[in-house]
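Spelled out, the chains give:
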Amino acid sequence: MPMKGRYPIRRTLEYLQKGDIVFKNTVKIMTVNYNTHGELSDGARKFVFFNIPQIQYKNPWVQVMMFKNLTPAPFLKFYLDDGDQVLVDAEGKDHKDISQHVKKILGKSEEVLQAEELARMVHSNPANFGPKKYCLRECMCEVEGQVPCPGLIPLPNEMRGKYKSQMKGTED
Amino acid sequence: MSVKSVSVHAKWIVGKVIGTKMQKTAKVRVTRLVLDQYLLKYYNKRKTYFAHDPLEQCTVGDVVLLKALAERRAKLVTHELAEIVYKVGNVIDPLTGKQVAGSLFRETLTDSMENPAGSLTEKLQELNISAATSEILQKPSEV
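Residues numbered from 1 in each chain as written. Chains lettered and ligands numbered in written order. Predicted model: local features only at pLDDT ≥ 70, side-chain atom pairs only at ≥ 80, totals over all residues. Heavy atoms only, no water.

Digging into the sheet that holds strand S5 (residues 77–86) of chain B
Residues and elements named next belong to chain B.
Phase 1 of the analysis: Strand order in this closed barrel of five strands is S1-S2-S3-S5-S4, and the pairing throughout is mixed. This sheet shows a mean twist of 50° between the axes of neighbouring strands, independent of strand direction.
Phase 2 of the analysis: Two strands pair when backbone bridges link them, and strand S3 (residues 42–52) and S5 are joined in this way by three bridges, in the parallel orientation. Counterpart to Phe 50 in the pairing with S5 is Val 77. (Pairing = 2+ DSSP bridges. Helix = DSSP H or I, 4+ residues; strand = E, 2+ residues; numbered from the N terminus. Axes fitted to C-alpha atoms, helices over the stretch in contact; angles between N-to-C directions.)

Quick notes on the sheet that holds strand S6 (residues 91–92) of chain B
All names here are of chain B.
Phase 1 of the analysis: Strands sit in the order S6-S7-S8 across an open sheet of three strands; the sheet is antiparallel. Each end of this open sheet is capped by a strand with a single partner; those strands are S6 and strand S8 (104–105).
Phase 2 of the analysis: Across two bridges, the pairing between S6 and strand S7 (residues 99–101) is antiparallel. Across the sheet, the residue bridging to Ile 92 is Gln 99, located in S7.

Details of the pattern of salt bridges
Phase 1 of the analysis: Evaluation of the coordinates by the stated rule reveals eight salt bridges over all chains.
Phase 2 of the analysis: Note that A:Asp42 is salt-bridged to A:Arg45, the shortest N-O span being 3.8 Å. With A:Asp42 and A:Arg45 both in helix H2 (residues 42–58), this residue pair falls three residues apart, about one helical turn.
Phase 3 of the analysis: Owing to a relative accessible area of 32%, A:Asp42 belongs among the partly exposed residues under this scheme.
Phase 4 of the analysis: In this structure, the salt-bridge partner of A:Asp81 is B:Lys11, at a minimum N-O distance of 3.9 Å. Of this pair, A:Asp81 sits in the loop between strand S3 (75–80) and strand S4 (85–89) while B:Lys11 sits in the segment before strand S1 (12–19), each in a different chain.
Phase 5 of the analysis: Of the residues examined, B:Lys11 reaches a relative accessible area of 43% and is grouped as partly exposed.
Phase 6 of the analysis: Connected through shared salt-bridge partners, A:Asp20, A:Lys103 and A:Glu110 make up one network. (Salt bridge = Lys/Arg side-chain N within 4 Å of Asp/Glu carboxyl O. Buried < 20%, exposed > 50% of the residue type's maximum accessible area, 1.4 Å probe, protein only.)

A closer look at the interface of chain A and chain B
Phase 1 of the analysis: Listed by partner, the interface residues are 34 residues for chain A and 28 residues for chain B.
Phase 2 of the analysis: Summed over both sides, the interface between chain A and chain B buries roughly 2,500 Å², with carbon and sulfur atoms accounting for 67% of that surface.
Phase 3 of the analysis: If you sort the residues of chain A by the area they bury against chain B, A:Arg11, A:Gln63 and A:Pro72 come out on top, with a joint share of 22%.
Phase 4 of the analysis: Linking chain A with chain B are one salt bridge, by the criterion used here.
Phase 5 of the analysis: Our count for the chain A to chain B interface comes out at eight residue pairs in polar contact (both at pLDDT 80 or more).
Phase 6 of the analysis: At the level of secondary structure, the elements contributing two or more residues to the side of chain A that touches chain B comprise helix H1 (13–17), strand S1 (27–34), H2, strand S2 (63–68), S3 and S4 of chain A.
Phase 7 of the analysis: If you tally residues by element for the side of chain A that touches chain B, the top one is S2(A), at five residues. (Contact = heavy atoms within 4.5 Å. Buried area = accessible area lost by both parts, 1.4 Å probe. Polar contact = N/O pair within 3.5 Å; in protein donor to acceptor, adjacent residues only side chain to side chain.)

What follows is the structure, encoded as structure tokens:
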């Protein structure tokens, strides 16, 4: 049974995670102005159709807004944190050109992304035990080959403190 | 009581003005794209913000850029008007700087009003010429 809609591949997690534009921390708002008809806006329309979900997935804290049929020429506008605005003309451009241009001016570079990933790996040590949010495992009973959780399967008598203290008491 | 230094998470916001009935305050609707977990598709989710507008320059339907206030001004007012991005009915194309409506350029009236004195006498002469020619044309038709 195939997925519904045209190009339903856009709605897969794998496609969303493959987006390569990660904006720098100063970019707060992204605005796309395009027209619904006309050949000039074709690249901008494809950009909105294919690339916007990827961008929003990778940048959940950036506000993305679309405006249709306001101006004759399509363009992108970015609002940065210090009040600066960046205008990117999209008239007659292909959607791949637009996304590459945007990545070059406002995206984080490969080295920065890899450095951030390294920092994240260093920060989270897989050997630690703790809450699921921060660590892989919570208790040793979750590991295969170790003593199972006494909440599920009662421990053998030799390991139970209660039994041991009872034995000690009845010895003398 | 502790004073909230940064009132909101969002420092800069773009939204559309939906109401201006409050004095010096604009009600702004902001849409953000939110992923539907099952469909994996992005939909617009609305949120209304109140923005301080001291000069009351906003009208309903403007697209507006808001900046977060350093301290919350009132119980609900958390942002202030930074700039009107697109004024309703008077959108200016950022690429050319001209007035625009949809996919057409609006022609401003001032272009036709240049050199009024000189053109009037010329136009009168033109009228005389055209009147003479029309009389000549009419005479053969009457006959």
